[in-house]
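Overview (structure and organization)
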Amino acid sequence: MKKLSLRDLEVRGKRVLVRVDFNVPTEERDGRTVITDDTRMRESLPTINYLREHGARTILMAHFGRPKGKAVEKYSLRPVADHLHTLINHPVAFSRHTTGPEAEQIIADMKEGDVTLLENVRFQAEEEANDSGFAQQLAQLGDLYVNDAFGAAHRAHASTAGITKFVAQSAMGFLMEKELQYLKGELDQPKKPFLVIMGGSKVSDKIGVIKALMEKADTILIGGAMANTFWKAQGIPVGASRVEADKLDLANELLEHAKAKGVKFFLPVDALETEEFKAGAQTQQTGTVSASRGVTEGWQAVDIGEQTIALYTDQIARAKTILWNGPVGVFEIPDFAAGTNAIAEAVANADATTIIGGGDSVTAVKQAGLADRMTFISTGGGASLELLEGKELPGVAALTEKS
Ligand code: ADP
Ligand code: MG
């Protein structure tokens, strides 16, 4: 079902409530909160700037950290408001209360093109409870609603879903629209061959996604700790590797399912192994694995091996659409990052639509310095996975349908 887009709204002179995802990583430096990566904020600028240029009064709502329903100073959005000021080159008013008289007064004083950020919606327990009274209080602050918080769209909270019942119209922001276009639109009828790279820590996190993607994908490449679970399920020794021992049947089921669907499903053929899980540790290649030879006893697989890199690189080069979710090794430790970096390089070099499906894979691609060579990089972790799984996101479902 098509949802209204920000472009469909008549915003001039209106108070537009915009839910954004400003849950940015921060660090304390000399008693100050410093934003270490403002990507999520920058990704919302097209929506914010459009509203400003079209004479709207923009009221931003966001969550930050996990204050668990209480006002916790370190989770205040004030530093985010200050940073946004520098990004849009226009003052950003900040309301220390999410709703109530202070917010109302600040909003009453706004002029067309002005921007206000409300304090962390999660300072109120009612937010995550999707309390309709709180949703209504938020809604009263504006006339129209725009959801640009893709990263929070898999949650039905007051500011992401409940609020839509109390405003005249609710629409997708431009970031939301772009995320849906790539993670849903493009992948509905992907250019073939469609190749998926699945890595990360647990197969159990991604069963739904792998199953759903088998309906569309021609090739699936497995890496990361989840590969160990597949190996163990196939009787390949995994030594002291991280493995989900209770998911072996499930791994075999997925392999059967792939066979039935005619999907080329690749497991790594070798790995980089280490005795110690730390930087500077001694490592070695396992060589080609089989039922009689796998990871050395007491050692653990921490990255795909050289042969797997060659095999996967070759597959990646043939694809026309590539979706990557989950690093293929412990990329946070440079000694174990070669596989993930090689995959990132191969994806960047492919003559294909390349989509990075959120979470740690995004960090890995950035770390490899290849972010600007990808077609699309999702800002959502959990939300991307749920969307790829084919689930409807509550924050999208609640928006006004296009007539
Ligand atoms: P994403 O966020 O991209 O979906 P996940 O959260 O599922 O990815 O997994 C990322 C984590 O998996 C990383 O922290 C990485 O260190 C870890 N990981 C990858 N390969 C291995 C491995 N062989 N052993 C242990 N941890 C691994
Ligand atoms: Mg993750």
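Our structure is the block above this text.
Right, let's walk through the structure included here.

About the thresholds
Residues numbered from 1 in each chain as written. Chains lettered and ligands numbered in written order. Predicted model: local features only at pLDDT ≥ 70, side-chain atom pairs only at ≥ 80, totals over all residues. Heavy atoms only, no water. Helix = DSSP H or I, 4+ residues; strand = E, 2+ residues; numbered from the N terminus. Rg over C-alpha atoms; globule rule 2.2 N^0.38 Å. Buried < 20%, exposed > 50% of the residue type's maximum accessible area, 1.4 Å probe, protein only. Contact = heavy atoms within 4.5 Å. Areas by Shrake-Rupley, 256 points an atom, 1.4 Å probe, with all protein chains shown as cover. Near = heavy atom within 4 Å. Polar contact = N/O pair within 3.5 Å; in protein donor to acceptor, adjacent residues only side chain to side chain. Pairing = 2+ DSSP bridges. Axes fitted to C-alpha atoms, helices over the stretch in contact; angles between N-to-C directions. 1 Å grid on protein atoms, 1.4 Å probe; cavity = no way out; pocket = protein on both sides within 12 Å on 5 of 7 lines; lining within 4 Å. Points joined across faces, edges and corners; volume = space filled by probe spheres on them. Salt bridge = Lys/Arg side-chain N within 4 Å of Asp/Glu carboxyl O. Phe/Tyr/Trp six-rings, centres within 6.5 Å; stacked < 30°, edge-to-face > 60°.

If you tally the helices and strands in the protein, you get 15 helices and 17 strands. For a compact globule of 403 residues, the expected C-alpha radius of gyration is about 22 Å, and the protein comes in at 23 Å, within 12% of that figure. Judged by the C-alpha coordinates and their principal axes, the protein covers about 75 × 50 × 35 Å. Here the protein, with 403 residues, has 55% of them falling under the buried criterion. The contacts in the protein between residues at least 6 apart in sequence include a share of 73% that link residues at least 24 apart. A total accessible area of about 17,200 Å² is found for the protein, and carbon and sulfur atoms account for 45% of it.

On to the site of ligand 1, then. Taken together, 18 residues form the shell around ligand 1, and within it Ser201, Lys206, Glu332, Asp360 and Ser361 come nearest. Contacts to ligand 1 include lysine 206, whose side-chain N or O atom sits 2.8 Å from an oxygen atom. Measuring from an oxygen atom of ligand 1, one finds a side-chain N or O atom of asparagine 325 at 3.4 Å. In isolation ligand 1 has 580 Å² of accessible area, and contact with the protein removes 87% of it.

Before going further, it helps to examine the sheet that holds strand S15 (residues 321-325). Spatially, 6 strands are ordered S11-S10-S9-S15-S16-S17 in an open sheet, and the strand pairing comes out parallel. Either end of the sheet is taken by a strand with one partner, and the two such strands are strand S11 (264-266) and strand S17 (376-377). Pairing of strand S16 (residues 353-356) with S17 involves 2 bridges; the strand directions are parallel. Across the sheet, the residue bridging to isoleucine 355 is phenylalanine 376, located in S17.

A separate point is the sheet that holds strand S6 (residues 115-118). One open sheet accounts for 6 strands, arranged S5-S6-S4-S1-S7-S8; its pairing is parallel. Looking along the sheet, the strands with just one partner apiece sit at the ends: strand S5 (92-95) and strand S8 (170-172). If you compare each strand with its neighbour and ignore which way they point, the axes differ by 25 degrees on average. Two strands pair when backbone bridges link them, and S5 and S6 are joined in this way by 4 bridges, in the parallel orientation. Opposite serine 95, over in S6, you have leucine 118 as the bridge partner. Each of strand S1 (15-19), strand S4 (57-61), S5 and S6 touches helix H4 (residues 101-108); the most contacted strand, S5, lies at about 160 degrees to it.

Let us now look at the layout of surface pockets. In this structure, the largest pocket occupies an estimated 880 Å³ of space. Secondary-structure elements contributing two or more residues to the lining of the largest pocket are helix H1 (39-43), helix H13 (360-367) and S17. Here the element with the most residues in the lining of the largest pocket is H13; it accounts for 4 residues. In this structure, the second largest pocket spans a volume of roughly 580 Å³. Elements supplying a minimum of two residues to the lining of the second largest pocket: helix H9 (225-233), strand S14 (300-304), H13 and helix H14 (382-388).

By the definition in use, this model includes 19 salt bridges. The shortest N-O distance in the salt bridge between aspartate 38 and arginine 42 comes to 2.9 Å. On the basis of relative accessible area, aspartate 38 is assigned to the buried category, the value being 13%.

Applying the stated criterion to the full structure yields 5 aromatic pairs. Taken together, a centroid distance of 6.2 Å and an interplanar angle of 55 degrees make the contact between phenylalanine 277 and phenylalanine 336 tilted. One end of the pair, phenylalanine 277, is in the loop between strand S12 (271-274) and strand S13 (283-285); the other, phenylalanine 336, is in the loop between S15 and helix H12 (338-349), with 59 residues separating them in the sequence. Using a relative accessible area of 47% as the deciding quantity, one classes phenylalanine 277 as partly exposed. A relative accessible area of 0% means that phenylalanine 336 is categorised as buried.

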